[in-house]
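Structural overview
Here is what each chain is made of, one letter per residue.
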Amino acid sequence: MLTYTLRRLLTAVPTLIFISFVIFLLLELAPGDPLADQPLTIPAEVRERMRTAMGLDEAAHVRYWKWLVQFVWVEPQVILDRWLGTSMAEGELRILSWQFRAPVFDIIWQRIPQTLTVVGIAYVVGVMIALPIGIVSAYRQYSWFDQIGTFVSMVGFSVPTFFTGVLLIVIFSVNLGWFPSIYDTTLRVTDWPSFVRQVSQMVMPVAVLALYNAAQISRFMRSSMLDNLNQDYVRTARAKGMGETTVVLVHVLRNSLIPVVTVIALGVPTIFAGAIITEQVFKVNGLGQLLITAIQANDLPMVQTLTFVFAVLIVTFNLIADILYGILDPRIRYD
Amino acid sequence: MTELAPAPAVEAALRPPRSQWRDVWDQFRSHRGALFGLLVFGSIVMFSVVGPYLWTVDPKFIAIRSRDLGMSWAHPFGTDQLGRDIFARMMAGGRVSLAVGLTAMALSILLGTLIGVTAGFFRRLDGLLMRLTDLFLALPLLPLLLVMVMLFRESLARQFGPETGIFLLIVVAIGVTSWMQTARIVRGEVLALKEREFVLAARSIGTPPRRMILRHILPNVLSPIMVSATLGIATAIITESALSFLGLGFPPDFPTWGRLLFDGVDYLQQFPERVIWPGVYISLTVLSVNFIGDGLRDALDPRIRGR
Amino acid sequence: MRLKTALLGAVALAAFAPAAMAERGADGQVNIIYWQAPSILNPYLSGGTKDIEAASMIIEPLGRYDQDGVLQAWLAAEVPTVENGGVAADLTSITWKIRPGILWSDGTPFTSADVVFTHEYCTHPEGGCAQLSKFDGVESVEAIDDLTVKITFKAPTPVPYGPFTGGQGPVIQAAQFANCLGAAAPGCTDANFYPIGTGPFRVTDFRPNDVIQMEANPNYRDPAKPRFATVTFKGGGDAAAAGRAVLETGEFDYAWNLQLAPSVIQGMVAAGKGQAISAFGTLVERIETNMTNPSPDLPEGERSTLKHPHPFLSDPAVRKALSMAIDRELLVEVGYGQAGRPTCTIVPSPPNFASTRDDCLGQDVAGANALLDEAGWLRGADGIRAKDGVRLSILYQTSTNAVRQDFQALVKQWWSEIGVETELKNVSASVFFGGDPGSPDTFQKFYADVEMYANNFDGTDPQSYLANYRCGNEPRPETGWQGENINRFCDPAYDALLDELARTANFEERGRIARQLAEMLTVDSYTIIPLVDRGRVSAHSNSLGGVVLNTWDSELWNVADWYRVK
């Protein structure tokens, strides 16, 4: 397992560089112009000069190389500088966003707190709900609990968040006035009242996202449990006189987790990608909103950096999932 | 059951041998949820396919003076902000949404299963295919779709006509960008299955890989595939609406359920039925497909069948 | 008698209490929401409306346009004119006198050196300044003394008010931006996010594309203003959510540009928490017809170029019929409500330049049919008109936007009534308005027969706007598909009249020529089919007073005068 992990980590480097190159090519090829949102009253020559100032007149491969150097060399130095108080990166050109003319990573750091609190908590809540629901609905297949669970999770998954979000706002903000419809990203939790405000502004986005996540994960959990409940080893375990709890929660659960672990692991990077629509609906303005506005504004350095960070997380979590398979089912061997 | 066994057993022995598919159907029939799902799904399909022949109002016809009407006999679901009949638009939208949802889901499941099984079964291909999966997971969806539309829209429209061309483009776009999760899940399951006794046994008697996959591996990864398929339909219908909202999908006056839902959200407070109908139809479709999937899975599982 | 006077005085004092007792910061906090979030506070690096308007609370120009489009002295003591000697008689220079005693928010005095520096900053050859065209034709900007600036033009300029006026021309502080010239401009994140200004507020926290927090500027020139101590300026989301936050939940006080269906806005206003306000400017939604052939059968590089005239839109009768079939009143009713007016011109305002001809307004389907019959376009078996094998089949494109898609559907139906077949296409706005020469879907490339969008002009003089339609200014492969003559309109008489406009200084005479030019494009030829004069709808809560909606300048132009209604 250790050699496998090491080998995977080593191959991850060329993989990621290749991925970054493909992302760059894709963004180059995609139609669009960073000046599209500028008013039509700005004449063509001025636009040309604005493009030049952004560095768009350089050849594509030069821009890719510059970005790569900035990402793997300059930006880590900036982080080290911040931790150690050194000044290694002084005078080096960082990755600058075209929209903000500011370092991309400064904005990303600014956005991480709200994304992690809202999307992250929603994910944890979703998983916490989904696993028990999946287990119980499988164990009591076709009971009323299972039927309701199926119904709620299917509706939860098939009705998009742009609808459920607005619906919650209309009910709880407009009609009842319980929760704010607009998330305040500047709120600092310092005391009890500010904590209450933070919780009340998080309730709706977390609920919407958690429902969506839980719907998906609980379906996979249920079906995987069903597959395993009929296996011979379950009958054997019961025949040996093991308690029902042990049979279900130790033997069956462990063997059922493989597809669920995949779904959960694939979901973790999406926490960092943010929830684009939900963030828009509730004005959480996290990483998801950052990415979508950057795409709409054709802010290529921002899109490239964000998607690449995302790629790093995906590769990492897929590796983690693969290692978890080995732990859950010792028969799986990669070497 | 055991006490009653002798008599039916004799009868069974006298009857001609039954085909496997007949068994599957019998088991499926005994699944109430599945039958119900089939019924609902069938009526939704009928609504969209046969409906327009019975309800001959043109879904694109604008009767501007009768806009924003509530439900009535003339307009069972009311009219929209341009006076178009929502009932007719739901039918027309259903054709597109169902076709896109089912085809895109099928494509995505096919790709996902193919890649997942291949990666899980053949160790040599695993690394390559999983890195490919990583790559696709990492690609930003929106620019990818923009590029696909830019490169292929005109040539496809010229080859197959504007509507079929865009249909193909959308189905391929959704299919190609949504197979990764299925692939990862299937691969994980295959990795575990591969070490199970029955697979080892099959291998020890020299079963060739193709037969091994088709007879032993695939039937055992069916349930996660079924779940992916049901969830995939919902995703495809919604993604289609996002695409047409972004101007990448069907022409703007072409109704689809996702688009009707999206357009209706602004009118949520004044005309809630405008969101409720498409929402209900999408949910019903997904729910019924889910129940059908449940029934099929049970019916195809020999351990459950016959119980 | 004495007592009576005193009492009267007391009554008067009570009546004017809010004004008399006004004190800076007395009204606490105000919340503003823009559904497009500001990404930078330097209008010279971004021309986006959201950025310009957010910045207008902090940095100010010498002169601002008021709600009627009249130039008002802002940081200047008075508006220079030929009469008061501020503008040279030969129209080659303008001299601004700065109002004395103005301080920057850091306490240093505002001088003419800052104005000179602003010019230098924007015109730096490596800068990529978004407002460069504001300084078109400027020879030099020099400081006569600390409070006097003289701008000299290369040629006589009838309207010399381009530089340093309006939201696009604020003065930035020389001391803060001294090291940010040219290529260094984008690197000055602190200056671009936290500009020092003379305006009523200063930034305390700027989060790009999210939220700006501001506080009252302690050095603002009027000690009683601004009335609000702090501002939260939130961005992001969509117009419906912004409207809801002001009109239904009351969380915010002011929402910008509610591009929503009229019935949706009415429903929100009915909640009784606020009101929608509207004002009109020069923005006109129009259908542009393509004078050249966009057919995909032509080789790449020849599509939509002057090499191939359009097979049927080059016939004026067809264009006129297309316009006659449209019911503009209904378009306004469906799409814009109080924020729209039917129009027949592309210069709907100011009155001096606006054509009064309205012969396009009534919908006349029968007349359009007759016109086409007369011109020899006859209906075929499928109901579509054709002549010499050319069918009236139109590809109609626009950007993705709910109202535009409704318009497309309506227009398609009207055109079908006159035997014209229409295929609709919508393109994501970021692609459509992006000038990417590699994309076939940009509005400049115009690979369609007609396209719909809105355009306007800066300030109050339409000369450069009308000059867009000069022959030779059309987007074409040689210019990388850049250019503003979208229709590929080409008329020597039009160009001659444009030259005349550029030579004319007399205000009335300029108006006459501009009206004639606009009519040549619209009601005379229907090269451009104007649809709706689009106003701006914004909303404010009932408790926010002093709002005056302005489409000629930033909407937040008078934010210093806003107050809380008690």
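Above this text is the structure in question.
Residues numbered from 1 in each chain as written. Chains lettered and ligands numbered in written order. Predicted model: local features only at pLDDT ≥ 70, side-chain atom pairs only at ≥ 80, totals over all residues. Heavy atoms only, no water.

**A look at the overall build of chain A**
In plain terms, the rule: Strands are runs of DSSP state E lasting at least two residues, helices are runs of H or I lasting at least four, and both sets are numbered from the N terminus onward. Note on exposure labels: buried denotes an accessible area under 20% of the residue type's maximum, exposed denotes more than 50%, and partly exposed covers the range between, all computed with a 1.4 Å probe on protein chains only.
Per the secondary structure count, chain A includes 12 helices and 0 strands. Reading the secondary structure of chain A in the N-to-C direction produces α-α-α-α-α-α-α-α-α-α-α-α. Once the C-alpha set of chain A is aligned to its principal axes, its extents read approximately 80 × 60 × 40 Å. Burial status across chain A gives 59% buried among its 335 residues.

**Considering the sheet that holds strand β5 (residues 138-145) of chain C**
Neighbouring strands of a sheet are bound in pairs by backbone hydrogen bonds; such pairs are parallel or else antiparallel. Residue and element names in this part refer to chain C. Our working rule: DSSP calls a pair of strands paired once it identifies at least 2 bridges connecting them. The axes are straight lines fitted to the C-alpha atoms, using for helices just the contacting stretch, and the angles between their N-to-C directions are given from 0 to 180°. By definition, residues are in contact when any of their heavy atoms lie within 4.5 Å.
The strand order across the open sheet formed by 3 strands is β4-β6-β5, and the pairing between neighbours is antiparallel. The outermost strands of the open sheet, each flanked by one partner alone, are β4 (93-97) and β5. Taking each pair of neighbouring strands and ignoring which way they run, the sheet shows an average axis angle of 15°. Judged from the 5 bridges that link them, β4 and strand β6 (residues 148-153) form a sheet pairing that is antiparallel. Residue pairing across strands places S93 opposite T152, the latter belonging to β6. Its contacts with the sheet place helix α4 (residues 112-123) against β5 and β6, and it is angled at close to 165° to β5.

**Quick word on the interface of chain A and chain B**
A common way to report how large an interface is uses the accessible area buried once the components associate. As a reminder of what qualifies: Buried area: the accessible area, evaluated with a 1.4 Å probe, that two parts lose upon being put together, summed over both parts. We define a salt bridge as a side-chain nitrogen of Lys or Arg found within 4 Å of a carboxyl oxygen belonging to Asp or Glu. Two N or O atoms count as a polar contact when they lie within 3.5 Å, although within protein this holds only if one can serve as hydrogen donor and the other as acceptor, and sequence-adjacent residues are included solely when both atoms are side-chain atoms. Classes in brief: Ala, Val, Leu, Ile, Met, Phe, Trp, Tyr, Cys and Pro nonpolar; Asp, Glu, Lys and Arg charged; the others, Gly included, polar.
On the chain B side, the residues contacting the 60 residues of chain A number 55 residues. Carbon and sulfur atoms supply 68% of the area buried between chain A and chain B, which totals about 5300 Å² over both sides. A salt bridge links A:D322 to B:R184; the nearest nitrogen and oxygen atoms lie 3.2 Å apart. On the surface where chain A and chain B come into contact, there are 8 residue pairs in polar contact (both at pLDDT 80 or more). For the side of chain A that touches chain B, the secondary-structure elements that each account for two or more residues are α1 (2-29), α5 (144-158), α6 (161-175), α7 (192-229), α9 (244-273), α11 (287-296) and α12 (300-328) of chain A. Take the side of chain A that touches chain B: its biggest share by element is 10 residues, from α1(A). Taken together, the residues that form the side of chain A that touches chain B break down as 39 nonpolar, 12 polar and 9 charged.

**Details of the interface of chain B and chain C**
Contact residues are listed per partner, giving 29 residues for chain B and 33 residues for chain C. Summed over both sides, the interface of chain B with chain C buries roughly 2400 Å², with 50% coming from carbon and sulfur. Summed over the three residues of chain B that lose the most area to chain C, namely B:I62, B:P252 and B:D266, the buried surface amounts to 19% of that side. Our count for the contact surface shared by chain B and chain C stands at 0 salt bridges. Looking at the side of chain B that touches chain C, the elements with two or more residues in it are α7 (141-160) and α12 (222-245) of chain B. Here the element with the most residues in the side of chain B that touches chain C is α7(B); it accounts for 5 residues. The class makeup of the residues in the side of chain B that touches chain C is 13 nonpolar, 5 polar and 11 charged.

**Quick look at the packing of aromatic side chains**
Operational definition: Side-chain rings of Phe, Tyr and Trp (the six-membered ring for Trp) are treated as a pair once their centres are within 6.5 Å; stacked means planes under 30 degrees apart, edge-to-face means over 60, and tilted covers the remaining angles.
According to the stated counting rule, one finds 44 aromatic pairs over all chains in the structure shown. The interplanar angle of 55° and the centroid separation of 5.7 Å between the aromatic rings of A:F71 and A:F105 together place this pair among those described as tilted. Of this pair, A:F71 sits in helix α3 (residues 60-84) while A:F105 sits in helix α4 (residues 104-139); the two residues are 34 residues apart in sequence, bridging distant segments of the chain. Summarising the burial analysis for this pair, A:F71 and A:F105 share the class buried. Seen in terms of ring centroids, C:F433 and C:Y453 are 6.3 Å apart; in terms of plane orientation they differ by 85°. Their pairing is edge-to-face.

**A word on unusual backbone geometry**
Residue and element names in this part refer to chain C. With an omega dihedral of -10°, the bond running from K225 to P226 counts as a cis peptide bond. Topologically, P226 is positioned in the loop between β8 (211-216) and β9 (230-235). Residues S349 and P350 are joined by a peptide bond in cis, for which omega reads -10°. Of note, P350 is situated in the loop between β12 (340-342) and α11 (365-374). Positive phi, close to 55°, is recorded for S304, a residue that is not glycine.

**Topic: the nonpolar core**
Here is the rule we go by: By nonpolar core we mean a set of buried residues, namely Ala, Val, Leu, Ile, Met, Phe, Trp, Tyr and Cys, connected to one another through side-chain atoms within 4.5 Å. All the domain ranges listed were derived from an automatic or database domain assignment.
Of all hydrophobic cores here, the largest spans 151 residues; its most connected members are C:M57 and C:L62. Ranked by residue count, the leading element in this core is α12(A), at 9 residues. Two domains each put at least three residues into this core: domain 1 (1-58 + 199-278 + 537-566) and domain 2 (59-195) of chain C. If we ignore the near neighbours within four places in the chain, the residues touching C:M57 are C:I32, C:G199, C:P200, C:F201, C:M214, C:V231, C:F233, C:L556 and C:V559. In this structure, A:L226, B:F47, B:V221 and B:I233 belong to the second largest nonpolar core, which totals 105 residues.

**Looking at the pairing of strand β19 (residues 528-541) of chain C**
All names here are of chain C. In terms of residue burial, β19 counts as a mostly covered element, since 14 of its 14 residues are buried. As defined by bridge partners, strand β10 (residues 254-255) adjoins β19 across 2 bridges and the pair is classed as antiparallel. When the sheet's bridge partners are listed, Y254 is paired in β19 with H540. As judged from the 12 bridges shared by strand β11 (residues 274-289) and β19, these two strands associate in the antiparallel manner. Residue pairing in the sheet places R286 in a bridge with P530 of β19. Here β12 pairs with β19 via 3 bridges, running antiparallel. Following the sheet pairing, R341 is matched in β19 by D533.

**Examining the packing of α7(B) against helix α8 (residues 162-176) of chain B**
Residue and element names in this part refer to chain B. For the record, the criterion: By definition, turning the near helix anticlockwise from the far helix through less than a right angle yields a left-handed crossing, and turning it clockwise yields a right-handed one.
Put simply, α7 and α8 touch, their axes get as near as 8 Å, and they point 145° apart. In this structure, α7 crosses over α8, and the sense of that crossing is right-handed. Counting all contacts with α7, which are made through L145, M148, V149, F152, R153, L156, A157 and F160, the residues of α8 involved are P162, T164, G165, L168, L169, V172 and A173. Residue classes in the contact of α7 with α8 are distributed as 12 nonpolar, 2 polar and 1 charged.

**A closer look at the sheet that holds strand β13 (residues 378-379) of chain C**
Residue and element names in this part refer to chain C. Ordered in space as β13-β14-β15, the 3 strands form an open sheet in which the pairing is antiparallel. Where the open sheet ends on each side, the last strands, each with one partner, are β13 and β15 (390-391). Judged from the 2 bridges that link them, β13 and strand β14 (residues 385-387) form a sheet pairing that is antiparallel. The partner of L378 across the bridge, within β14, is A386.

**Some thoughts on helix α15 (residues 492-503) of chain C**
Since the α-helix advances by 3.6 residues per turn, residues separated by three or four positions end up pointing in the same direction. Residues and elements named next belong to chain C. Going by this rule: Helix span, as expected, comes to 1.5 Å for every residue beyond the first. Picture the helix axis, draw a direction to every C-beta atom, and the arc is the one those directions span.
Relative to the 16 Å expected for 12 residues at 1.5 Å per residue, α15 spans 17 Å between its end C-alpha atoms, a close match to the ideal helical length. Inspection of α15 places Y494, D495, L497, L498 and L501 among the buried residues, and these make up the whole buried set. The arc that holds every buried residue of α15, seen down its axis, measures 160°, which confines them to one face. In α15, those exposed residues whose orientation departs by more than 90 degrees from the buried face are P492 and R503.

**Remarks on the environment of B:A99**
Residue and element names in this part refer to chain B. Looking at where A99 falls in the secondary structure, it is placed in helix α5 (residues 86-121). Counting along the chain gives 54 residues from A99 to V45, while the straight-line C-alpha distance between them is 9.9 Å. If near-sequence neighbours (up to four positions away) are discounted, A99 is found in contact with G94, A104 and F167.

**A word on the state of the cysteines**
Residue and element names in this part refer to chain C. The criterion, for reference: A pair of cysteine sulfur atoms is labelled a disulfide when the two atoms are within 2.5 Å.
The final tally for this structure, using the stated rule, is 4 disulfides over all chains. In this model C122 forms its disulfide with C129; the gap between the sulfur atoms is 2.0 Å. Across the S-S bond linking C122 and C129, the dihedral sits near -80°, which makes this disulfide left-handed. Across a sulfur-sulfur distance of 1.6 Å, C471 and C490 are joined as a disulfide pair. Where C471 bonds to C490 through sulfur, the torsion about that S-S bond is close to -55°, and the disulfide is left-handed. Placement of the pair is C471 in the loop between α14 (463-466) and α15 and C490 in the loop between α14 and α15, with a sequence separation of 19 residues. The class of C490 is partly exposed, set by a relative accessible area of 40%.

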